[in-house]
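Coordinate analysis (summary)
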Amino acid sequence: MRFPEIEGDTSTDVVGTRHGPTAVTIYRPPAAATERAGVYVNIHGGGFVAGRQEQDDPWCRYLAAHAGVVVVNTDYVLAPGHRFPTAAEQLLDVVRWAAAEERDWDGSRLCVGGQSAGGNLSAAISRMALEQGGPAIALQVLHYAVLDLVTPAAKKHSPLGRDAVLKPWMAEVFDTAYIPRREDRKHRLASPVWGSNADHLAGIAPAVVITTEFDLLRDEGVRYAAELDAAGSLVRHHDVLGVDHAYNVRSDNSDVTRRMYGLLAEHVRDATAPRA
């Protein structure tokens, strides 16, 4: 879905991080507000090994236009050339840059989110922000995220079986490239819902969790939503029926995509609304 009706106002920048300069594309809302807009840092998917920020251009245009926020669509280093936790650390630095007072948006009203591997990295950033004293994150959006890299993909289930978009062999290739040693995948920043990793979520950023009915990753998303709910940090868990992983980029069902984008924009708009 390209949303050709949304022209968009974009610019580019480069953010200095501990892992090198990082390219970002900045999308601005169409109408000037009396107060500075909030900001949403978007992290693309691609199994930690592929993808680029441009693939989320339609979503970022939509979000800036409909949620009234500045969207910082960020690049990051990929595996196997750069393995865990390099990308997560790099992206935390981008989020800190976006939260800085000197930006021309309001970094105190900041969200972070991503799809698939981008959702995993968003969860990691939110956990690091919790443990390291900031920056404050108003909302984390975990969109069909991978949240358990320990459980072998062959033991994960999709009702579609071999017809599922994300196949076990694919997930195993991605996970191995990102974190070769299965023991290392137990880290809380890699697998936030595995074992006891979710036992200490109190105070983490409020979360919207999106799962899809046919996704190989659905069960871990459902479990993490329950853990966030127990910690008092779940805003909403949306389980999208009748679609699979990456439904918004691989499916012809534009009605579902528009509906979910509308719901997510509403959540972001609420999270970044100026506080009295």
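The protein appears in an unreviewed UniProt entry as Carboxylesterase from Mycobacterium lehmannii.

**Brief notes about the layout of surface pockets**
There is about 710 Å³ of room inside the largest pocket. If you go around the largest pocket, you meet 32 residues; those closest to its centre are Gly46, Gln55, Tyr144, Ala246 and Val249. Of all the secondary structure elements, the ones that give two or more residues to the lining of the largest pocket are α1 (57-67), α4 (168-178) and α6 (247-250). When residues of the lining of the largest pocket are assigned to their parent elements, the largest contribution, four residues, is made by α4.

**Quick look at unusual backbone geometry**
Along the chain, alanine 79 connects to proline 80 via a cis peptide bond; the corresponding omega equals 5°. Here proline 80 lies in the loop between β4 (70-74) and α2 (86-99). The amide bond that connects phenylalanine 84 to the next residue, proline 85, takes the cis arrangement and shows omega of 5°. With respect to the helices, strands and loops of the structure, proline 85 is situated in the loop between β4 and α2. One non-glycine residue, alanine 246, adopts positive backbone phi at about 60°. If you trace the backbone, alanine 246 turns up in the loop between β8 (234-240) and α6. Alanine 246 sits in the buried class, given a relative accessible area of 10%.

**What to know about the packing of aromatic side chains**
According to the stated counting rule, one finds nine aromatic pairs in the structure shown. Between tyrosine 62 and tyrosine 261 the ring centres are 5.6 Å apart and the planes differ by 55°, which places this aromatic pair in the tilted class. Taken together, the residues tyrosine 62 in helix α1 and tyrosine 261 in helix α7 (residues 254-271) connect sequence positions 199 residues apart. Of the two residues examined, tyrosine 62 and tyrosine 261, each falls in the buried class. Through successive ring pairs, a cluster of aromatic residues spans Phe3, Tyr40, Trp59, Tyr62 and Tyr261.

**Quick look at the pattern of salt bridges**
Oppositely charged side chains can pair when the atoms bearing their charge come close. All chains considered together, the criterion is met by 17 salt bridges. Across the pair glutamate 172 and arginine 185 runs a salt bridge whose closest N-O atoms are separated by 3.3 Å. Linking glutamate 172 in helix α4 with arginine 185 in the loop between α4 and β7 (207-212), this pair joins segments that are 13 residues apart in sequence. By relative accessible area, which is 2% here, arginine 185 ends up buried. Arginine 218 serves as the salt-bridge partner of aspartate 219, at 3.7 Å between the closest nitrogen and oxygen. The exposure class of aspartate 219 is partly exposed, given its relative accessible area of 40%. A cluster of three or more residues bridged by salt bridges with shared partners is formed by Arg18, Asp93 and Arg96.

**With respect to the UniProt feature "domain: Alpha/beta hydrolase fold-3" (unreviewed entry) in the protein**
On the UniProt side, "domain: Alpha/beta hydrolase fold-3" (unreviewed entry) is annotated at positions that read residues 41-247 here. As annotated, residues 41-247 comprises 31% helix and 15% strand, and the C-alpha atoms at either end are separated by 21 Å.

**Examining the packing of α1 against α7**
Running from N to C, α1 and α7 cross one another at 50°; their axes reach a closest spacing of 9 Å. Classified by the angle their axes make, α1 and α7 are oblique. The handedness of the crossing between α1 and α7 is right-handed. Facing α1, whose interface residues are Trp59, Tyr62, Leu63, His66 and Ala67, α7 presents Arg258, Tyr261, Gly262, Leu264, Ala265, Val268 and Arg269. Its residues placed into classes, the contact of α1 with α7 shows eight nonpolar, two polar and two charged.

**Points about the nonpolar core**
If you look at the biggest cluster of nonpolar residues, it comprises 46 residues, and the most contacted ones within it are Trp97, Trp105, Leu121, Ile125 and Tyr178. Sorting the residues of this core by element identifies β2 (20-28), β3 (39-43), β4, α2, β5 (110-115), α3 (117-131) and α4 as the ones contributing at least two each. Ignoring anything within four residues of it in the chain, the contact list for leucine 121 reads Ile43, Phe48, Tyr76, Ala87, Ala88, Leu91 and Tyr178. Residues Tyr27, Cys111, Val240 and Val268 belong to the second largest nonpolar core, which totals 29 residues.

Definitions and limits used
Residues numbered from 1 in each chain as written. Predicted model: local features only at pLDDT ≥ 70, side-chain atom pairs only at ≥ 80, totals over all residues. Heavy atoms only, no water. 1 Å grid on protein atoms, 1.4 Å probe; cavity = no way out; pocket = protein on both sides within 12 Å on 5 of 7 lines; lining within 4 Å. Points joined across faces, edges and corners; volume = space filled by probe spheres on them. Helix = DSSP H or I, 4+ residues; strand = E, 2+ residues; numbered from the N terminus. Buried < 20%, exposed > 50% of the residue type's maximum accessible area, 1.4 Å probe, protein only. Phe/Tyr/Trp six-rings, centres within 6.5 Å; stacked < 30°, edge-to-face > 60°. Salt bridge = Lys/Arg side-chain N within 4 Å of Asp/Glu carboxyl O. UniProt positions renumbered as here; feature names shortened; annotations may be inferred. Axes fitted to C-alpha atoms, helices over the stretch in contact; angles between N-to-C directions. Parallel < 35°, antiparallel > 145°, perpendicular 65-115°, else oblique. Left-handed = near helix turned anticlockwise from the far one by under 90°. Contact = heavy atoms within 4.5 Å. Nonpolar A, V, L, I, M, F, W, Y, C, P; charged D, E, K, R; others polar. Core = buried A, V, L, I, M, F, W, Y, C linked by side-chain atoms within 4.5 Å.

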